[in-house]
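Breakdown of the fold
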Amino acid sequence: MVPKIRDVQSGIFLLVVSVIMFSATLSFKKLTSTAVGPAFMPQIIAGLIALMAIAIIIQGIRSVKAEREKESSADAVVEKDPKDEVTYRPVILSFILMAVYVVVLPFVGFLITTAVYMFTQMMILSDKPERRWLLFAVVSVVSSATIYYVFRNVFYVMLPNGFL
């Protein structure tokens with residue numbers, strides 16, 4: 001039952017983060033006369049994070065209720081599944097990877113740094129038997145190129161170029 005309660009806790013954490021993120025965007029100064037300002041995308045992202053957090057909270061609550069009903073209806077011995085073991089290795093590696101990304105981004109540039117970051121993050125978060133190197137590489141390169149193009153040519157936001 002502990003992992004299900006963690007779902008609720010992580011959902012609440014994400015909801016708080018999204019509220020803080022959204023409230024931080026309210027102080028962004030509007031430099032143009034258009035309806036879409038610098039706070040637009042962060043507010044959209046904060047809203048999406050909030051919606052996903054609410055979904056995680058609801059799913060976690062439902063799982064906790066189902067687990068409690070299952071425990072009360074059957075007092076059978078439950079064997080531990082090795083996949084249920086909690087490991088913090090991916091979380092720690094993700095935080096380290098984010099820190100490296102932030103430090104390297106201004107020097108190397110958005111395209112290369114983001115593609116490498118996304119590929120590495122996918123490798124960290126996927127199970128070893130389910131890793132698809134080629135798919136991860138293609139998704140990383142296409143995503144970072146698309147994001148770069150949209151921000152540069154649609155939103156007219158300059159992203160770090162780096163030395164390349």
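Residues numbered from 1 in each chain as written. Predicted model: local features only at pLDDT ≥ 70, side-chain atom pairs only at ≥ 80, totals over all residues. Heavy atoms only, no water.

Structural notes on the nonpolar core
- Formed by Leu97, Tyr101, Leu105, Phe110, Tyr117, Met118, Ile124, Tyr148 and Leu159, the largest nonpolar core amounts to nine residues.
- Among the elements of the structure, α3 (89–108) and α4 (110–125) are those that each provide at least two residues to this core.
- Of all the elements, α4 adds the most residues to this core, at four residues.
- Beyond its immediate chain neighbours, meaning those up to four positions away, Tyr148 contacts Phe110, Leu111, Leu159 and Asn161. (Core = buried A, V, L, I, M, F, W, Y, C linked by side-chain atoms within 4.5 Å. Buried < 20%, exposed > 50% of the residue type's maximum accessible area, 1.4 Å probe, protein only. Helix = DSSP H or I, 4+ residues; strand = E, 2+ residues; numbered from the N terminus. Contact = heavy atoms within 4.5 Å.)

Considering the packing of aromatic side chains
- Taken as a whole, this structure holds four aromatic pairs when the rule is applied.
- With a centroid separation of 6.2 Å and an interplanar angle of 25 degrees, the aromatic rings of Phe110 and Tyr148 are classed as stacked. Pair noted here: Phe110 is in helix α4 and Tyr148 is in helix α5 (residues 133–154), with a separation of 38 residues, a long-range link. Considered together, Phe110 and Tyr148 belong to a single accessibility category, that of buried residues. (Phe/Tyr/Trp six-rings, centres within 6.5 Å; stacked < 30°, edge-to-face > 60°.)

Considerations on α5
- Over its 22 residues, α5 extends 31 Å from the first C-alpha to the last, a length consistent with the 32 Å expected when each residue adds 1.5 Å.
- Within the sequence span of α5, burial applies to Phe136, Ser140, Ser144 and Tyr148. Summarising the axial view, the buried residues of α5 lie within an arc of 85 degrees, below the 170-degree limit, and thus occupy one face. What points out from α5, more than 90 degrees from its buried face, is the exposed set Leu134 and Tyr149.
- Buried residues along α5 sit against α4. (Expected span 1.5 Å × (residues − 1). Arc of directions from axis to C-beta.)

Considering the side chain of Ser94
- Within the secondary structure layout, Ser94 lies in helix α3.
- Residues in contact with Ser94, not counting those within four places in the same chain, are Gln121, Ile124 and Leu125.

What to know about the UniProt feature "transmembrane region" (unreviewed entry) in the chain
- In the numbering used here, UniProt assigns the "transmembrane region" (unreviewed entry) feature to residues 12–28, 40–61, 91–120 and 132–151.
- Measuring from the first to the last C-alpha atom of residues 12–28 gives 25 Å, for a span that is 82% helix and 0% strand.
- The span residues 132–151 carries 95% helix and 0% strand; its end-to-end C-alpha distance comes to 28 Å. (UniProt positions renumbered as here; feature names shortened; annotations may be inferred.)

Topic: the packing of α4 against α5
- Between α4 and α5, whose axes approach to 8 Å, the crossing angle comes to 145 degrees. The element α4 and its partner α5 pack so that their crossing is right-handed. Facing Phe110, Leu111, Thr114, Ala115, Met118, Phe119, Met122 and Met123 of α4, the residues of α5 in contact are Trp133, Phe136, Ala137, Val139, Ser140, Val141, Ser143, Ser144, Ala145, Ile147 and Tyr148.
- Within the contact of α4 with α5, the residues separate by chemical class into 15 nonpolar, four polar and no charged. (Axes fitted to C-alpha atoms, helices over the stretch in contact; angles between N-to-C directions. Left-handed = near helix turned anticlockwise from the far one by under 90°. Nonpolar A, V, L, I, M, F, W, Y, C, P; charged D, E, K, R; others polar.)

Observations regarding the environment of Arg152
- For Arg152, the position within the fold is in helix α5.
- Residues contacting Arg152, with those up to four places away along its chain left out, are Val157, Met158 and Asn161.
- At 2.5 Å, the side chain of Arg152 and the side chain of Tyr148 are in polar contact. (Polar contact = N/O pair within 3.5 Å; in protein donor to acceptor, adjacent residues only side chain to side chain.)

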